[in-house]
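What follows is the residue order along each chain.
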Amino acid sequence: MTKTHSISVNINGKTYTRDVEARMTLADFLRHEIGLTGTHLGCEHGVCGACTVLIDGRTGRSCLTFAVQMNGRTLTTVEGLSVAGGLNPLQQAFQDHHGLQCGFCTSGILMSLTELLSDNPDPTEQEVRETLTGHLCRCTGYAGPVRAALATAEQLKNIKGAA
Amino acid sequence: MGVKNFGARVSRFEDVALVSGKGRYVDDIHLPETLHAAFLRSPHGHARIKSIDTSAALRCEGVHAVLTADDLPEQMRKQRMPLLLPNSTMSTLRTQHSLAVEEVCYVGQALAIVVADSRYLAEDALAAIEVDYEVLGAVSDVRSALAQGAPRAHADLDSNIVSEFVMKYGDVEAAFASAPHVFREELWQHRGGGMAMETRGVLAQPDVMTDALTLWSSTQTPHIARRMLAEILEVDLESIRIIAPDVGGGFGPKAIFYPEDAVVAHAARALGRPVKFIEDRREHFLCATQERDQYWNVEIAVDNDGMILGVRGDMLHDTGAFVPWGIIMPYIAGATMPGPYVVPSYHLACTVAFTNKVATTPVRGAGRPQAVFAMERLMDRVAHELKLDPADLRRRNYIRPEQMPYSVGLIFRDGKPLIYDSGDYPRGHDAALELARYADFPRRQAEATANGRFIGIGLASYVEGTGLGPFEGVTVRVLPSGKVRVTSGATSQGQGTRTTLAQIVSDQVGCRIEDVTVTIGDTAGIANGVGAFASRLAVNAGSSASIAGTHVRASIMKLAARTLGLPESEIDLEDGKAIGRGGNRPTVSFGELARAAQGMPGFSMESDQPVGLEHTAYFAPPQAAYCSGTHVVEVEVDIGTGAVKILNYSVGHDCGNVINPLIVDGQVQGGVAHGIGNALLEWMQYDENAQPLTTTFADYLLPMATDVPICAIAHVETPSPLNPIGVKGAGEGGTIPAAAAIIAAIENALSPFAVRFTETPLMPDRIVRALERAGAYGEHAA
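Rules used in this analysis
Residues numbered from 1 in each chain as written. Chains lettered and ligands numbered in written order. Predicted model: local features only at pLDDT ≥ 70, side-chain atom pairs only at ≥ 80, totals over all residues. Heavy atoms only, no water. Helix = DSSP H or I, 4+ residues; strand = E, 2+ residues; numbered from the N terminus. Rg over C-alpha atoms; globule rule 2.2 N^0.38 Å. Contact = heavy atoms within 4.5 Å. Areas by Shrake-Rupley, 256 points an atom, 1.4 Å probe, with all protein chains shown as cover. Pairing = 2+ DSSP bridges. 1 Å grid on protein atoms, 1.4 Å probe; cavity = no way out; pocket = protein on both sides within 12 Å on 5 of 7 lines; lining within 4 Å. Points joined across faces, edges and corners; volume = space filled by probe spheres on them. Nonpolar A, V, L, I, M, F, W, Y, C, P; charged D, E, K, R; others polar. Buried area = accessible area lost by both parts, 1.4 Å probe. Salt bridge = Lys/Arg side-chain N within 4 Å of Asp/Glu carboxyl O. Polar contact = N/O pair within 3.5 Å; in protein donor to acceptor, adjacent residues only side chain to side chain. Buried < 20%, exposed > 50% of the residue type's maximum accessible area, 1.4 Å probe, protein only. Phe/Tyr/Trp six-rings, centres within 6.5 Å; stacked < 30°, edge-to-face > 60°. Expected span 1.5 Å × (residues − 1). Axes fitted to C-alpha atoms, helices over the stretch in contact; angles between N-to-C directions. Disulfide = S-S within 2.5 Å.

Engineer: Hey, could you run me through the overall build of chain B in this one?
Structural biologist: Looking only at helices and strands, one finds 21 helices and 29 strands in chain B. Here chain B has a C-alpha radius of gyration of 28 Å; the compact-globule value for 782 residues is 28 Å, and the two agree. By sequence separation, contacts in chain B at least 24 residues apart represent 80% of the contacts at least 6 residues apart. Carbon and sulfur atoms make up 50% of the accessible area of chain B, which amounts to about 26,800 Å² in all.

See below:
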C-alpha cells in the first residue's frame, strides 16, 4: 500500500486528524475525506478559482495544494461562512443581487470576496473586478457578483458606522 | 386569480443552499462502495487500433475492471450511439461507438475504461494499458476536407461530406442580375465550447435486488438520456431512473448523451457496485462536444436606398468526426440569416463535412451567432459603401410590427414554416439605441479622437426561434400538508427554473410561493420529458405549469365550494386557503381539501368530485416562438496592443412577457459575456494533425470580470400568441448578436485606418496586423 502521512488540520473551527497519501490534493481531501463538498473543482490547474479556500486567512487554490501541506494550518471553506445557521451578509447579497446562477463557481468567489472585504472594507468596483479575475464564471457575466460585493461593503460600512 | 409573482423580481430559492456549500452536484453524491472510473483516450486524431493489452493494468493496485470494446456485451459493442436528429439530406449518419472499435477518429475518443477504488488508482492503471496504433492521415481544417485526395476522417467512407443542402426562396438570380449594388464578404467564424464550470459527470448505482439502475448525471436532458441508455443496455425504460441534481452550467454540450455515460452504466451493472466518472477539464476540452468553424461566402444585393433585394452564398460547416445531433447547427444558421429584415430572395448552399475532431453540437446560440454575424457584416458593408448610418439602414429594412405574423419563406428546424409569430423590431432597436445614447456618439467619438483615443460603436439585430417542441410536462399536486408540489421533465443548469415554475404555479393555484416545492430533472417525477435546450423551458414548461395550475385551481374551487357550502363565485383562493367572501369569512385550507380529495376508505366519492387535487399538463407548442433584439456596443481599441475594452453594452430585448426580470436580466448578461468570449477570446485550436492545442484555461481564454461590463437592458414585451403565458425564450439572445455588434464597433473605432474585419474571434494580434497592413503605425507611430 502507498505510504501515508498523518496530518492535523483545523477546518471551520473543528480539528481533523487523518492519514493521507502525499499526492492527495487539498480539494480531494476536503471533498472526499472530510465530506465538505461545497468546495468545487472546475479545472484542476489553478485558473478557474472554483476551489479557492482560505488558508490561515489567505486565499489559496485547493486544487494546487496538497493535503499534507496543511498540517497544523487553519482553513475556512464555504461551509464556514454561514452564521448561526443563516446566511452571512455576503451570502445574502449574492441571493439578493442574483450573484449566482448554477452556483458552481460561487464557493470560490465567496472566499476571495471574503478576503477582499476583510483587507479592504470599501473597495471600488474596479478593485472588486480585479479580485474576481481570479475566478471564471460562465453563467452570470459577473454583474451579479460585482453588485453583491459592493452592496455587502456598503452594508458592512453602515453596520460599522452605527456601532 | 391574483397575479403576484409572475413578472416580479423574485429572488431565487435555489440560492440559499448553493451559497452555503450545500449544493448537490453529481460529484458531491457519495454512495457507499462507490468505484471510480477513468477513460483511456486516443492520443491521435486518426488511427487504426491494432491491439490493446490491458493485462498489466488489471494487475494494478485497486483495479476492479478494465474494459475495452471487446469486453462489452455484443449489442453495445456493435451498435453506435443512437442518432437523435436524423435528416434526409445526410448521406452519412455516423455516431460514435461506446468504446472505440478498430479505429479512433479524434484525439480523446475513449478506447477503454478502468474502474478502481479511487480516481487516483484508476489513472495509475491507465498508464499501464498498452495500445498499438497505426496512425492514419487526419483531416484538421474543414476546408481541406473537401480537397481531392484529402485523407478521410473515417477510413471506410469514400467522402468527408456529411450533407449538402440548400435553403432558398424567391428569385435570387433575378434580384442579383438587376441590382444596382452587390457586395460580397468572406467570413471565418469560430465558436468554442460550452465550458460550463462543472465538467460532465455521471454516477451509476445498480440495485441488485430489483435490477433497477439509477444514474445521477450532469445532463440537460434526463428523459432523453434514459431513452438512449435503455436502448443501448437493452433494458426496460422503466428500470432506469436518471436524476440531474444541481448541475453546474450546461450551455448545450450537456444536452448530449455521451458514450461514457453508457459505459459507466454498464460497468456499474457488471460489477454490482456504484461507479462514478467525473470528467476533468482536459477531457472536457478533448471530448465534450463543441461548436467550431464555419466559413461563409455570401453576397447581398441592395437598391440605391439600401433596401435589401436578395442574399445568397454558401457556407461550410466543420461537424467534427461524428454527428450525434445531425446537422441542426448549420440548418439553424441557414434559417436565421434573413433575421429581422425583409429579404425578398435568399439562397444559401450549405456543406457539412467531417474532420478528425470531437463532434460539434449546439452551444448557446446554436448556429445563430454565425448567421447573425454573416448578415450583420453584410449590412455594415452596405452602410459603409452607400454612406448610410448603420442604424438607419437597419431601420429601413426591418419587418414592421404590422406585418406580423411574418412568413420568411423557409422551413425552420422544428419542421414548420419559418413564421415569426410576433415582435416589434424597430421598437427593440430604438430602445437599445436610446440606452446607448447613440445619437450622441459622434460627439463622444470626436472628443476621443481629439484625445488620441479610438472609440467606436456597433450594433446588431437578430431573431431567434425559441421554445421548440415537442413538449414539456408539469404535474401540480396539492399535498395533504397543504404544500403544492410541482414536478417536471424540465431541468436547470442555473437558469432558476424552479423559481420560475413556482412563480407561475403559486399565482394560478393561489398559494404562497414558499409553499411550492419544485422537483425537476428526475425521470421518476413525470412520465415524459425532454429537457433544456433551444431556450425552450419558459415556453414549454412554463405553459404547462400555467395550464396544470389552472386545472388544479378549478379542482380546489369545486371542492371548496362543496365544503364551505358557497358558490365558487363567492370564494377566493389565497395563501393556500379557500376563503368565503361573506359573513365571518369561512375558511378551509388546501391541506384539508387535499385530504378530502382522497375520499374515505370504503366510501364512494361524491359525484363529480375530483380524485386528488392534481393535474398533469403537457404543453406542445405549434411552432417556435420568435424572440428578437438589438445590441449596441461601444468599444475602445488600443492601437498599440490591439486590446479591446468594452465601454458600454446596451440591449433591447424582446422575450415576450417577462416572468422574472431578475432571472431574465441575468440570462441576458451571462449570454452577452459568452458572446464577448466568442468575439474576442475563445478559440479552440488544433494543429494540422487535428491535435488540440488549447486544452487549459490558460490557453483557451474565457471572459473575466474585467472583460464584461454591466449591460443596460430594456425589455420590449410583445407577447407570443402561441402559448398561454405569452413568453418566448431568453437563454440565448444575449449571445447571438454579440460578436457581430462587437466586431462592428471595433471596425468603427478603427475607421480612420479603413480596416475591415470578417472573423471571430478577433484577437489582438490580428487587429495589430490589420493596422500594420493599413499603415497605421507609419502615421501614428509617435
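Engineer: Can you help me understand the pairing of strand 16 (residues 406-411) of chain B in this one?
Structural biologist: A regular strand places its side chains so that they alternate between the two faces of the sheet. Residues and elements named next belong to chain B. With three bridges connecting them, strand 16 and strand 17 (residues 417-420) associate as antiparallel partners. Across the sheet, residue Tyr406 finds its bridge partner in strand 17, namely Tyr420. With antiparallel pairing between neighbouring strands as the criterion, strand 16 and strand 17 make up a hairpin whose turn holds five residues, including Gly415 at a positive phi of roughly 80 degrees.

Engineer: How should I be thinking about the sheet that holds strand 15 (residues 346-354) of chain B in this particular structure?
Structural biologist: Across a sheet, strands are paired by hydrogen bonds formed along the backbone, either parallel or antiparallel in direction. All names here are of chain B. Pairing is mixed in the open sheet, where six strands are placed in the order 7-15-14-13-8-29. The open sheet has two edge strands, strand 7 (161-169) and strand 29 (759-760), and neither has a second partner. Both strand 7 and strand 15 contribute to a ladder of eight bridges, which runs antiparallel. Among the inter-strand pairings, Lys168 is bridged to a residue of strand 15, identified as His347.

Engineer: Can you help me understand the layout of surface pockets in this one?
Structural biologist: Using a probe with the size of a water molecule, rolled over the atoms, empty space left in the structure can be pinpointed. Put simply, the largest pocket is a space of about 1,200 Å³. Asp28 and His32 of chain A together with Ser118, Arg119 and Tyr120 of chain B are the residues nearest the centre of the largest pocket, which is lined by 48 residues in total. Of all the elements in the fold, those that place two or more residues in the lining of the largest pocket are strand 2 (14-21) and helix 1 (26-34) of chain A together with strand 1 (35-41), helix 4 (119-126) and strand 12 (275-278) of chain B. Top element by residues in the lining of the largest pocket is helix 4 of chain B. It accounts for five residues. When its residues are assigned to classes, the lining of the largest pocket shows 17 nonpolar, 11 polar and 20 charged. Taken together, 30 residues line the second largest pocket, and the ones lying closest to its centre are Arg24, Ala244, Pro245, Asp246 and Arg498 of chain B. Contributing elements (two or more residues each) for the lining of the second largest pocket: helix 1 (15-19) and strand 21 (516-520) of chain B.

Engineer: Can you help me understand the interface of chain B and chain A in this one?
Structural biologist: Accessible area lost when the parts come together is the quantity often used to give the size of an interface. Contact residues are listed per partner, giving 52 residues for chain B and 49 residues for chain A. Counting each side, the surface lost to burial between chain B and chain A is near 4,200 Å², with a carbon and sulfur contribution of 57%. Per-residue buried area on chain B facing chain A is highest for Val19, Tyr120 and Met197 of chain B; these three make up 18% of the total on that side. Scanning the region where chain B abuts chain A turns up four salt bridges. Summed over the shared surface of chain B and chain A, the number is 25 residue pairs in polar contact (both at pLDDT 80 or more). Elements that contribute at least two residues to the side of chain B that touches chain A include exactly helix 1, helix 4 and helix 18 (661-681) of chain B. The element contributing the most residues to the side of chain B that touches chain A is helix 18 of chain B, with eight residues. Grouping the amino acids of the side of chain B that touches chain A by side-chain chemistry returns 23 nonpolar, 18 polar and 11 charged.

Engineer: What should I look at first to understand empty space enclosed by the protein in this one?
Structural biologist: All names here are of chain B. Summed over the entire model, instances satisfying the criterion amount to 11 cavities of 30 Å³ or more. The calculated volume of the largest cavity comes to roughly 740 Å³. In this structure, the largest cavity is lined by 47 residues; those nearest its centre are Gln495, Ser535, Arg536, Gln667 and Gly731. Those elements that place two or more of their residues in the lining of the largest cavity are helix 10 (328-336), helix 15 (497-509), helix 16 (537-564) and helix 18. By residue number, the principal contributor to the lining of the largest cavity is helix 16, which donates four residues.

Engineer: Explain the pattern of salt bridges here, please?
Structural biologist: Side chains that differ in charge, positive against negative, can pair when their charged atoms come close. Residues and elements named next belong to chain B. Tallying each qualifying case throughout the model produces 64 salt bridges over all chains. Arg226 is the salt-bridge partner of Glu238, the closest N and O atoms lying 3.7 Å from each other. Of this pair, Glu238 sits in the loop between helix 7 (222-233) and strand 11 (240-243) while Arg226 sits in helix 7, and the two are 12 residues apart along the sequence. Glu238 sits in the exposed class, given a relative accessible area of 58%. Owing to a relative accessible area of 4%, Arg226 belongs among the buried residues under this scheme. For Asp522, the salt bridge is made with Arg241, and the minimal N-O distance between the two is 2.6 Å. Within this pair, whereas Asp522 is found in the loop between strand 21 and helix 16, its partner Arg241 is found in strand 11, the two being separated by 281 residues in sequence.

Engineer: In this structure, what is going on with the packing of aromatic side chains? I would like to understand it.
Structural biologist: When we look at a pair of aromatic rings, we describe it by the centre distance and by the angle of the planes. Residue and element names in this part refer to chain B. Inspection of every chain in the model, using the stated rule, returns 16 aromatic pairs over all chains. Geometrically, the ring pair formed by Phe39 and Phe277 is edge-to-face, given 4.9 Å between the ring centres and 85 degrees between the ring planes. Taken as a pair, Phe39 in strand 1 and Phe277 in strand 12 lie far apart in primary sequence, 238 residues in all. The same class applies to Phe39 and to Phe277, which are both buried. Considering the side-chain rings of Tyr406 and Tyr420, the 6.2 Å spacing of their centres and the 25 degrees angle between planes classify their relative orientation as stacked. Note that Tyr406 is positioned in strand 16 and Tyr420 in strand 17, a separation of 14 residues in sequence. When sorted by exposure, Tyr406 lands in the same class as Tyr420, which is buried.

Engineer: Would you take a moment to explain helix 3 (residues 106-119) of chain A for this structure?
Structural biologist: Because the α-helix completes a turn every 3.6 residues, residues three or four places apart line up on one side. All names here are of chain A. Given a rise of 1.5 Å per residue, 14 residues ought to cover 20 Å, and the 20 Å separating the end C-alpha atoms of helix 3 matches this to within 8%. Of all the 14 residues making up helix 3, 11 are buried; the element is thus mostly covered by neighbouring parts of the structure. For helix 3, the full list of buried residues reads Thr106, Ser107, Gly108, Ile109, Leu110, Met111, Ser112, Leu113, Glu115, Leu116 and Leu117.

Engineer: It is not clear to me how the sheet that holds strand 19 (residues 472-478) of chain B should be interpreted in this structure. Could you clarify?
Structural biologist: Residues and elements named next belong to chain B. Pairing is mixed across the open sheet formed by four strands, whose spatial order is 21-20-19-25. Each edge of the open sheet carries a strand with a single partner, namely strand 21 and strand 25 (614-619). Averaged over all neighbouring strand pairs, the angle between strand axes comes to 15 degrees, with direction disregarded. Strand direction decides the pairing type here: strand 19 and strand 25, joined by six bridges, are antiparallel. Looking across to strand 25, one finds that Glu472 is bridged to Phe619. Against the sheet, helix 15 engages strand 19, strand 20 (484-488) and strand 21, with an angle of about 135 degrees to strand 21. In the packing of helix 16 onto the sheet, the strands contacted are strand 19, strand 20 and strand 25, and the crossing angle to strand 19 comes to about 30 degrees.

Engineer: Where do I start with the side chain of Thr214 of chain B in this structure?
Structural biologist: Residues and elements named next belong to chain B. For Thr214, the position within the fold is in strand 10 (residues 212-217). Its relative accessible area of 16% is what places Thr214 among the buried residues. If sequence neighbours within four positions are ignored, Thr214 has contacts with Leu203, Ala204, Gln205, Arg241 and Ile243.

Engineer: Explain the state of the cysteines here, please?
Structural biologist: Here, the word disulfide means a covalent bond between the sulfur atoms of two cysteines. Counted according to the given criterion, the structure contains zero disulfides over all chains. No disulfide involves Cys137 of chain A; its sulfur sits 3.7 Å from the nearest other cysteine sulfur, which is in Cys105 of chain A. Note on Cys137 of chain A: relative accessible area 9%, which makes it buried. For Cys105 of chain B, which is in no disulfide, the shortest distance to another cysteine sulfur is to Cys287 of chain B and amounts to 14 Å.

Engineer: Sorry if this is basic, but what is going on with the environment of Lys728 of chain B here?
Structural biologist: All names here are of chain B. Among the secondary structure elements, Lys728 is positioned in the loop between strand 28 (712-715) and helix 19 (738-749). A C-alpha to C-alpha distance of 42 Å links Lys728 and His36, two positions 692 residues apart in sequence. Here the side chain of Lys728 touches Tyr626 through a polar contact of 3.5 Å, landing on its backbone oxygen. For Lys728, the side chain forms a polar contact with the side chain of Asp654, separated by 3.4 Å.

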